[in-house]
Amino acid sequence: MSSIKLDIVTPERKVYSQEVQMVIARAVTGQLGILPNHAPLLANLEPGLMRVKINESDEEQIAISGGFLEVADNIITVLARTAELPAEIDVSRAQSARRRAEERLQESQDKVDYARAKAALDRAMARLQAVGRK
Ligand code: ATP
């Protein structure tokens, strides 16, 4: 089976670097499925779950809090604001962040507050989804 390289980096660290079979990501324009030898592409990512098919039996779920995805020369490069593998996720921290964001959404009086709370909620939900707690 052919493969494509997936590199995920954040300003803080290199999160992932591996040959994979397929990546499914949430772009602003909708869901993207990327297979080996995909045409060149640049996409803006929404906070959400990235699903990575490594081989016939293994799949990885990675929480991404927004960023960019580029495909070129059979390499997918994700420049993410933050990204975590399930084992790196602190579930109670994400649950607290979700509660806080939900409270702020209820209370928010202006658009900026609302947008910030919604973005925080999306990040928390992506983390909880990655660990199967949503
Ligand atoms: P919080 O309000 O809990 O800080 P946040 O969504 O505001 O959450 P970010 O600004 O997205 O946090 O991330 C800051 C740093 O903390 C990043 O390095 C990110 O990977 C890490 N991080 C955030 N939440 C978690 C979590 N639940 N488990 C593990 N790492 C996390």
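All figures in this text were calculated on a predicted structure; none of them were measured in a lab.

Draft legend 1. Just unusual backbone geometry, in detail. A positive phi angle is found at Asn37, which is not glycine, with a value near 65°. Position of Asn37 among the secondary structure elements: in the loop between β4 (30–34) and β5 (41–53). Asn37 gets classed as exposed once you look at its relative accessible area, which sits at 62%.

Draft legend 2. Examining a positive patch on the surface more closely. Taken together, the side chains of Arg93, Arg100, Arg104 and Arg116 present a region of like positive charge at the surface. If one sorts the elements of the positive patch by residue count, helix α1 (residues 91–107) sits on top with three residues. Here Arg100 is to be found in helix α1.

Draft legend 3. The arrangement of the environment of Ala101 in detail. With respect to the helices, strands and loops of the structure, Ala101 is situated in helix α1. Residue class for Ala101 comes out buried when judged on its relative accessible area of 2%. Between the C-alpha atom of Ala101 and that of Pro86, which follows or precedes it by 15 residues, the distance is 21 Å. Excluding residues that lie within four positions of it along the chain, Ala101 makes contacts with Ala117, Ala120 and Leu121.

Conventions adopted
- Residues numbered from 1 in each chain as written.
- Predicted model: local features only at pLDDT ≥ 70, side-chain atom pairs only at ≥ 80, totals over all residues.
- Heavy atoms only, no water.
- Helix = DSSP H or I, 4+ residues; strand = E, 2+ residues; numbered from the N terminus.
- Buried < 20%, exposed > 50% of the residue type's maximum accessible area, 1.4 Å probe, protein only.
- Patch = residues over 30% accessible without salt bridge, like charges linked within 9 Å, V, L, I, M, F, W, Y side chains within 5 Å.
- Areas by Shrake-Rupley, 256 points an atom, 1.4 Å probe, with all protein chains shown as cover.
- Salt bridge = Lys/Arg side-chain N within 4 Å of Asp/Glu carboxyl O.
- Lys, Arg positive; Asp, Glu negative; His and termini not counted.
- Charge placed at Lys NZ, Arg CZ, Asp CG, Glu CD.
- Contact = heavy atoms within 4.5 Å.

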